[in-house]
Structures are given as structure tokens and as C-alpha cells.
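So the chains spell out like this:
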Amino acid sequence: MKDAKELITIKRDGGTYSEQEIQEIVTGITQGSWADYQVSAWLMAVFIRGLNPSETAYLTLAMARSGETLPLATLPKPWVDKHSTGGVGDKTTIVLLPLLAACGLTMVKMSGKGLGITGGTIDKLSTVPGMNLDLTPEEMVDQAARIGLALTGQTPRLAPADKTLYSLRDVTATVPSLPLITSSILSKKIAGGAETVILDVKCGSGAFMKSLPEAGALAESLVRVGTLAGLRVRAVVTDMSQPLGRSVGNALEVKEAIRVLKGDLVGRFPELCLALATEVLEDVGVADPATKARQALTNGAALKKAKEWFGAQGASLAVFETEEWETAPVQEPVLAQKAGWIGKVDAEAVGLLAMSLGGGRKKKEDVIDGRVGIEVLAAVGDEVSQGQPLFVIHAADQETGRQASQEIEAAVTIANHPVEQIPVVYSSLDFQAFA
Ligand code: URA
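Keep in mind that this is a model prediction, so the values were computed, not measured.

**Quick look at unusual backbone geometry**
Of note, the amide linkage connecting Lys-77 to Pro-78 takes the cis form, showing an omega dihedral of 0 degrees. The phi torsion at Ala-159 lies on the positive side, around 45 degrees, for a residue other than glycine. Judged by relative accessible area, which is 3%, Ala-159 ranks as buried. Even without glycine at this site, Asp-288 takes up a positive phi of about 50 degrees. Tracing the backbone shows Asp-288 in the loop between helix H12 (268-283) and helix H13 (289-298).

The following block contains the structure:
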């Protein structure tokens, strides 16, 4: 058994850990025998020297076993989970979970809160009156047994090592490390019990990974390590250079997701939901997956499942009947200054504005306003006429609404010539590549 200093020295000097050494590190971190300054030094050594895929898989498994694992054994297979690396306007989980549960899959998911411009599913669903997002592992399993799906916020009972590591990474400039991101994401998936996992790796100004090579490298790391750790994993690189769909803002995004569940399949957001659902259904061996996914949204099955889900977690089903809930008092349209073709709608700029309206957090402690946000009425490549609404700002008061409506002009460009649309999905990589 080596002590913390010896284990840090190995990586500082460019060495490679054994499975046993990685286990000792994670045990030291979880049981508190390592001081925060030792964990921080270790994180920096890993950040600089890296971990190879086997070391990252050992780390992932040790982190996954650092707490409880959801006992899904009594539930019908396949057990599926979904994760997005985070983006602006990303409400995909709210559609994908009931859609896949309606196709017979068991969907059990832990979701996070948003931080910075990347929103979190928990914040979005928190706007739904009555919705309980704090389920115990027992409640998760029980609900999934009854209706095929359950979603909760992060519980410290699952993968507690990630909680400790993430909070230190956040303050030691060690977040953007491929092995650390990979083990952080996958350990929570494994602790959540899933066997099949779809990872939506966002790419563009509104995402963690700004370029295709960066996003591709993360996708490859996730699939390679996930496969080594025994998961059936697929990573899909998808666009986040412009906001996803027609809204950014917590309640606005839930309303948009409900419209898709009701069968409104026009635009980039339903296209992404259908693409991801098709990939998952194909991976678990469902015949004719694209048709099955589309049918679940057009024949009311996904909507019915969503109502069962919201009802099981205590939510008011009135949100499916009307959009008059959690509505901001001020709504300010922003019009196109000239005719032409949309050349850019900068996801990062729109995300920052949604935050400045009160819809996101700069610090973990910040309180958000679920009502505010931005409707995004144009996408790159759309032809627009002068005076056509491009955005609607939803604000808590006149002043912030007016200011945001001026600032958002810088987020959009209108070209004098036709502009090509940006693909929704760039690439997809699955476990078979590394099997
Ligand atoms: N999401 C996670 O869960 N962990 C990371 O390290 C980065 C994104």
C-alpha cells in the first residue's frame, strides 16, 4: 500500500498506475485520508501527464464503486441512460426519456443543475409545479419498475468520489482534462446502473468543446473507456454553435419539449431527439428504429409516458394543457434589421444573455428565475425579411428586457447571400469500434 505522496510522485514523473494503485487513490480520496492539497496536486499531475485508456477505465470503475450502485436487477432490460456534455437550449432529456420508455426501454437517469451558460435538466424541470426531483435510489428503482422511467438530481449516495474530485477540479484549473472528464461522466453512468449509454457530445461556441477535433477526441475517449469499463456506449457529436431549438430558458424549454412530445416535429430540436432515439433503439436491437422513434412521438405514446412520469414525480399535469405557467411578465420581440439569410446565431452569446436575464447561475449558490429566457425564432441558413421577429426576450422587468433586446443583436448576423444550414449531428461512434 503506497501513501499519497508516493502515488502522486508516480504520475508527476510520467509513470503508469496499476489497477490496485488507482483503487488506493480513489479510496484515499473518498475516505478522506488524502488532504485536499494532495488531491489537488494529484489532479494537476493527471492534468499534465494524462492517463492512458486502461488507467482511465480503472479510475472510472473505482469512482463508480465509491458509493452505492442503483440495483436495477429486478427491472426489465435494456437499461439505458443518456448524458449530454451540456449546451444552450438543450432540453433533449425531457423528450428522449419518455420517448424511449414508450418504446419499452427502462430509462433511469441522474441529471445535473446548470452552471454557466450550459443549462441543466434539473433546473428546467424544477419550473414544473410540484415536480419532485429528489428521489432516493429506492424510489428511483420503484418508479422505474412501475412506469419504465425515473429521473432525479444528483445524489451523494452514487459516485461520491466524483463530487469530491469535481469540486476540487473546479478551483484548481483541472476541469478540461480528457481522462478526468471521461471518468467523471462514465462513473456516474455506471453507478446509475445502466448498461447501454448514449452520450451527446456537444460541439461549438455554446459547449465545453468548441471545435470538432476537441469534441471528436472526447467522444473517442468516452467510447473507448466506456467499452473497457463494460458499457455498451455510443457517443454522438452534435452541433452547439447555435442554440438548440426554439428556446433558451428553463420553463420555456420545458414548454418546447412538451410541444415535441405532442408531435410538433418541425426544426432542429425534434430532429436531434429522433436521431438520438434511433441510435439507441438500433443499439438495443429494435427493428426499424427510425420509424419506431417517430411513431412514438406522432401516435401519442411518448406523451402518455411523459404524463405518467410527471404524475409519478408529483407534477401538475396542467403543464400539458396550457403554456400559461411560469411566464415572465415582459416579452420583447427583436426584429431583423434587414432582409437576408441568417449567417450566425451565436450559442455562447445567447446563453450569456439568458444568464444575465436571471435564467442561469454564475456561482453554484445563485438562485435562478425559471420564467425568463429567449425564444430563438431563426436558425442558420433561414431566409428572413426585414422586420421579421428573430427572438422574443422573456424578462422579469422592462429594463432587463430592453437591455437584452439591444445586446442580442450582436449574437446574430444576416448575410446578403444564401447560407448553408449547419448539420444537427456531425458524427457517431459506438462500442463496436473498440470491441
Ligand atoms: N460533466 C461531468 O459530469 N463531468 C465533467 O468533468 C465534465 C462534464
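**Things to note about the pairing of strand E9 (residues 373-376)**
Judged from the two bridges that link them, strand E6 (residues 247-248) and E9 form a sheet pairing that is antiparallel. Of the residues in E9, the one forming a bridge with Ser-247 is Glu-375. Bridge count for E9 against strand E11 (residues 389-395) is four bridges, and the pairing is antiparallel. Residue pairing across strands places Val-376 opposite Phe-391, the latter belonging to E11.

**Quick look at the sheet that holds strand E4 (residues 196-203)**
The strand order across the open sheet formed by six strands is E3-E2-E1-E4-E5-E13, and the pairing between neighbours is mixed. One side of each edge strand has no neighbouring strand; the edge strands of this open sheet are strand E3 (149-153) and strand E13 (425-430). Direction aside, neighbouring strands of the sheet carry axes that sit 15 degrees apart on average. With five bridges connecting them, strand E5 (residues 232-239) and E13 associate as antiparallel partners. Its bridge partner lying in E13, Val-236 is registered against Ser-428.

**Observations regarding the site of the ligand**
The ligand sits among Tyr-166, Arg-169, Ile-181, Ser-184, Ile-185, Lys-188 and Phe-208. Arg-169 places a side-chain nitrogen or oxygen 2.9 Å from an oxygen atom of the ligand. Of all the secondary-structure elements, those providing two or more residues to the shell around the ligand are helix H8 (160-171) and helix H9 (178-191). At four residues, H9 tops the list of elements feeding residues into the shell around the ligand.

**Considering the sheet that holds strand E10 (residues 383-384)**
The strand order across the open sheet formed by three strands is E10-E8-E12, and the pairing between neighbours is antiparallel. The strands lining the two open edges of the sheet, one partner per strand, are E10 and strand E12 (412-415). As paired elements, strand E8 (residues 340-345) and E10 share two bridges and run antiparallel to each other. In the strand pairing of E10, Trp-341 is matched with Glu-383.

Rules of the game
- Residues numbered from 1 in each chain as written.
- Predicted model: local features only at pLDDT ≥ 70, side-chain atom pairs only at ≥ 80, totals over all residues.
- Heavy atoms only, no water.
- Buried < 20%, exposed > 50% of the residue type's maximum accessible area, 1.4 Å probe, protein only.
- Helix = DSSP H or I, 4+ residues; strand = E, 2+ residues; numbered from the N terminus.
- Pairing = 2+ DSSP bridges.
- Axes fitted to C-alpha atoms, helices over the stretch in contact; angles between N-to-C directions.
- Near = heavy atom within 4 Å.
- Polar contact = N/O pair within 3.5 Å; in protein donor to acceptor, adjacent residues only side chain to side chain.

Keep in mind that these numbers describe shape and distance, not what the molecule does.
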